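Examining the three-dimensional arrangement
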Amino acid sequence: EKIRIEIISLALTESRIASDETVQQLFVECRLYNFLAEETPLSLPKPTSGQRIHYNYSNVIHVDKANNRARREYLKSMLLKPDLHTDSLRFTVVSDPPEDEQDLECEDIGFAYVSLREIFQKQRDIIEQDTDIFDSQDDSAVIGKLKVTVEALHALRSVYEECKDD
C-alpha cells in the first residue's frame, strides 16, 4: 500500500521570484507531515514567464502495516481527528545557489499544498493538477503553479477501513 507522488512541472507568474536574479536554479521538495522529505534529483534553470520547467519526478511513500506503522497511524489520526493534524503534503520550491556561489544557502521560495483529507472526501486522486505555489514571505501571494499527481485514495480507503475495525 502506497501513496504515489509525481512532481511534473513548474511555472512562475510575474512576481518577486521571477525578477530576482539571485534565484537561478530551482528544485522541489515534498514532505508528508514530519515523516519524509523527498526532493527532485535535479535543480532546473528558473523558467521565464509563460514557460514551464519539467521535473517528471515520481516517488512512492509506502504506508503498509508491516513496515510503516507510524505513517499509517498518522494517516488514521488525520482521517479521524481532522482538527488535530496537518492533512497536507507540502511541496517546497527551493532556490539552489549556482555552482560558482556555493557560499549562498538554499532558500525556500514557495509552498504548494495537496490535502490528503480532501482526496479522501472527494474520493478521487489528484492527476496532473496545477496547484498554486504561495510565496514563502507572503502566504497570500501566488508566485506560480506546480503540476503534480498524488495517488493516495486506495491507501486512504484501506486505512479508513482499518479504523472502522479498531
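What comes next concerns the included structure.

Once that is clear, we can look at the layout of surface pockets. In this structure, the largest pocket encloses a volume near 180 Å³. Residue lining of the largest pocket: Tyr113, Val114, Ser115, Glu118, Ile119, Lys122, Arg124, Asp125, Ile126, Gln129 and Thr131, and that is the complete set. Of all the secondary structure elements, the ones that give two or more residues to the lining of the largest pocket are strand E7 (107–115), helix H3 (116–122) and strand E8 (126–135). Grouping the amino acids of the lining of the largest pocket by side-chain chemistry returns 4 nonpolar, 3 polar and 4 charged.

For the rest of this paragraph, the subject is the packing of aromatic side chains. Evaluated as defined, the whole model comprises 1 aromatic pair. Judged by centre distance (5.0 Å) and plane angle (50°), the ring pair of Phe120 and Tyr160 falls under tilted. You can see Phe120 sitting in helix H3 and its partner Tyr160 sitting in helix H4 (residues 153–165), a full 40 residues away along the chain. Phe120 gets classed as buried once you look at its relative accessible area, which sits at 15%. We classify Tyr160 as partly exposed; its relative accessible area is 30%.

Now for unusual backbone geometry. Excluding glycine, residues mostly carry a negative phi; peptide bonds, for their part, are mostly trans. Here the phi dihedral of Gln123 falls at roughly 55°; this positive angle occurs in a residue that is not glycine. By the secondary structure assignment, Gln123 is in the loop between H3 and E8.

The rules behind each value
Residues numbered from 1 in each chain as written. Predicted model: local features only at pLDDT ≥ 70, side-chain atom pairs only at ≥ 80, totals over all residues. Heavy atoms only, no water. 1 Å grid on protein atoms, 1.4 Å probe; cavity = no way out; pocket = protein on both sides within 12 Å on 5 of 7 lines; lining within 4 Å. Points joined across faces, edges and corners; volume = space filled by probe spheres on them. Helix = DSSP H or I, 4+ residues; strand = E, 2+ residues; numbered from the N terminus. Nonpolar A, V, L, I, M, F, W, Y, C, P; charged D, E, K, R; others polar. Phe/Tyr/Trp six-rings, centres within 6.5 Å; stacked < 30°, edge-to-face > 60°. Buried < 20%, exposed > 50% of the residue type's maximum accessible area, 1.4 Å probe, protein only.

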